[in-house]
Amino acid sequence: MKKTSAVLLSSALVAVSVLGGCASKSDNAGGDKSSQASADKPAQNVTLKFYNWNPDIAEAATQKIIANFQAKNPTIKVESIPLVPGNSVETLKKLDVTMSSGEQVDVVMFPSIEETVARAAQGVLAPLDDFYKKDNVNADEEYYINPKFKGKSYALMNNSSNWLVLLNAEALKEANLPVPSFDWTWDDFRDYAKKLSKGDDNNKRFGAYFHSWGEYANPIAYTDKKNPFLTADLKPQFDDASFKYFFNLRKTMEKDDKSVKPLADVIGAKLNYNNEFLTGKAAMLMTATFALPNIGDTAKYPHTFKTVVAPLPRSSKDAEPGLTNIGGNYVSVAANSKYKEEAYKFIRYMSTEQEARIELSGWKKSDSKLIVERLFGNMKDLIDMPSLTSTLYDKRVRTSVSSDIAVSYASQLKAVLEGGLSKVLLDNMSSEDAQKWMMAEGDKLIKQNTK
């Protein structure tokens, strides 16, 4: 679902200053060659329509990127269109309708490789291989993840988000607990959650918060497996022991320990994971780097405590430390765009730009240490920078996922995973029976999508 081989995050994030300098000299990292290739063509003023789900902060950054791009490319204008700000799920629903209606769509953003590959399979995205060849770009080497479908590339990785754990420093101090290291396990996570829980009823602070996404149903599948849902021969792997282990862990923490908010409440109240952690309702939150900018938004999430950062727990005491889930946002060119070359030029610039972005780059040559300091250096009263940088830059940090097993129906398989956990927590089904149901549903989806 991501890289062909394990991603070494340290080589991705710890970019040496020489590379950062090279990037600054080549503003659009390859766009100049594209400009030269089209130098013989008459100048044409075009306007690209870029569809996304940008909330206010992200849109402000996007507008800066667009302004910088337009200054370098005066014949190309870009119109950013946030369909449903802050909600990628509803945005994709509207985007599918928009793309099928014949309206102008040139550039689109996706929140995951699954959603990207699904649209590539539908034929609504343009392959980028010819543009890469013209620009002499090796996307497999330049980006952490190069989304492919049937051997062709369909998106540039814009932002890179690796998963980690945020902890309330005040709560840790109250419980006399140290900041977790790379050696801690999910059993340790459960123990921390019990000790960090405090109060009762409406005034209760839960030790941890699990959101409703599939990543929270079994994070081990996202860190230790080449694909969270499928084996190398494209068979469902919901019968793996990690699913039973994590389903039972979730059930024990919710029903017995009462250290996490019930899934029924998370779904029923449509809770916001940022709000649960940043307003002190939960002391720990498994999330990704995309959540870090919210820590500084004290107007929306009032709080004074400092957030410390820890790596994801190991699956067991025998497992190697440092495995994490690496995701990101992806930008593609619409197949029906009349301005594919200009659209490619924009997404290449956007994915390599470093001055205005508010998340870590998906481009390996970026100076990520510099970006982290720029993004969060003014939040040192709210973010513990040493724990953040040590979690991000440790040489052991990597992922096991492989893009060789990417399929267009992965989002459907993810729904099966979410459904399996729901059956355990909401319907009181045993983990073993839930796994049998998931395996059967997985088999059905595979047969439906491989006819």
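For the structure, see preceding data.
Since the structure is predicted, the reported quantities are computational estimates derived from the model, not experimental observations.

S.K.: Can you help me understand the overall build of the protein chain in this one?
M.R.: Scanning the protein chain for helices and strands turns up 20 helices and eleven strands. The C-alpha radius of gyration of the protein chain comes to 22 Å, within 12% of the 22 Å expected for a compact globule of 451 residues. Over its C-alpha atoms, taken along the principal directions, the protein chain stretches across nearly 70 × 55 × 40 Å. Relative to its 451 residues, the protein chain shows a buried fraction of 56%. In the protein chain, 78% of the contacts between residues at least 6 apart in sequence involve partners at least 24 apart. When the accessible surface of the protein chain is summed, it comes to about 19300 Å², and 48% of that surface belongs to carbon and sulfur atoms. Averaging the coordinates of the 58 positive side-chain charges in the protein chain and doing the same for the 56 negative ones gives two points 1 Å apart.

S.K.: How should unusual backbone geometry be read in this particular structure?
M.R.: Peptide bonds are, in most cases, trans, and in most cases residues other than glycine have a negative phi. If you check the backbone angles, Asn 176 has positive phi at about 55° while not being a glycine. Along the chain, Asn 176 falls in the loop between helix H9 (169–174) and helix H10 (186–196). The exposure class of Asn 176 is exposed, given its relative accessible area of 69%. With a phi angle near 50°, Asp 201 is a residue other than glycine that sits in the positive phi range. As for its placement among the helices and strands, Asp 201 is situated in the loop between H10 and helix H11 (214–217).

S.K.: I would appreciate a short explanation of the packing of helix H17 (residues 368–376) against helix H18 (residues 385–393) in the present structure.
M.R.: Where H17 meets H18, the axes come as close as 12 Å, and the angle between the chain directions of the two elements is 150°. One way to sum up the angle between H17 and H18 is to call them roughly antiparallel. The chirality of how H17 crosses H18 is right-handed. On H18, the residues that touch Ser 368, Lys 369, Val 372, Glu 373 and Phe 376 of H17 are Met 385, Leu 388, Leu 392 and Tyr 393. Of the residues that constitute the contact of H17 with H18, the class distribution is six nonpolar, one polar and two charged.

S.K.: Which parts of the structure should I look at to understand the side chain of Gln 435?
M.R.: Its location among the elements puts Gln 435 in helix H20 (residues 431–449). Reaching out from Gln 435, the side chain makes a polar contact with the backbone oxygen of Phe 238 at a distance of 2.9 Å. Apart from the residues within four sequence positions on either side, Gln 435 is in contact with Phe 238, Asp 239, Asp 240, Phe 243 and Lys 244.

S.K.: Help me understand the pairing of strand E9 (residues 307–310) in this model?
M.R.: Within a regular beta strand, the side chains point alternately toward one face of the sheet and then the other, so they alternate between its two faces. Neither face of E9 is open: one carries Thr 307 and Val 309, the other Val 308 and Ala 310, and all of them are buried. Here four bridges tie strand E7 (residues 156–168) to E9, and the two strands are oriented antiparallel to one another. Directly across from Val 165, in E9, lies its bridge partner Ala 310.

S.K.: Whenever I open this one, the nonpolar core confuses me. Can you help?
M.R.: A general trend in soluble globular proteins is that nonpolar side chains are found buried together. Ranked by internal contacts, the top residues of the largest apolar core, which has 79 residues, are Phe 189, Phe 238, Met 284, Phe 376, Leu 388 and Leu 417. If you tally residues by element for this core, the top one is helix H19 (residues 410–425), at seven residues. If you look at the next biggest cluster of nonpolar residues, it comprises 49 residues, including Phe 50, Ile 81, Val 137 and Ala 356.

About the cut-offs
Residues numbered from 1 in each chain as written. Predicted model: local features only at pLDDT ≥ 70, side-chain atom pairs only at ≥ 80, totals over all residues. Heavy atoms only, no water. Helix = DSSP H or I, 4+ residues; strand = E, 2+ residues; numbered from the N terminus. Rg over C-alpha atoms; globule rule 2.2 N^0.38 Å. Buried < 20%, exposed > 50% of the residue type's maximum accessible area, 1.4 Å probe, protein only. Contact = heavy atoms within 4.5 Å. Areas by Shrake-Rupley, 256 points an atom, 1.4 Å probe, with all protein chains shown as cover. Lys, Arg positive; Asp, Glu negative; His and termini not counted. Charge placed at Lys NZ, Arg CZ, Asp CG, Glu CD. Axes fitted to C-alpha atoms, helices over the stretch in contact; angles between N-to-C directions. Parallel < 35°, antiparallel > 145°, perpendicular 65-115°, else oblique. Left-handed = near helix turned anticlockwise from the far one by under 90°. Nonpolar A, V, L, I, M, F, W, Y, C, P; charged D, E, K, R; others polar. Polar contact = N/O pair within 3.5 Å; in protein donor to acceptor, adjacent residues only side chain to side chain. Pairing = 2+ DSSP bridges. Core = buried A, V, L, I, M, F, W, Y, C linked by side-chain atoms within 4.5 Å.

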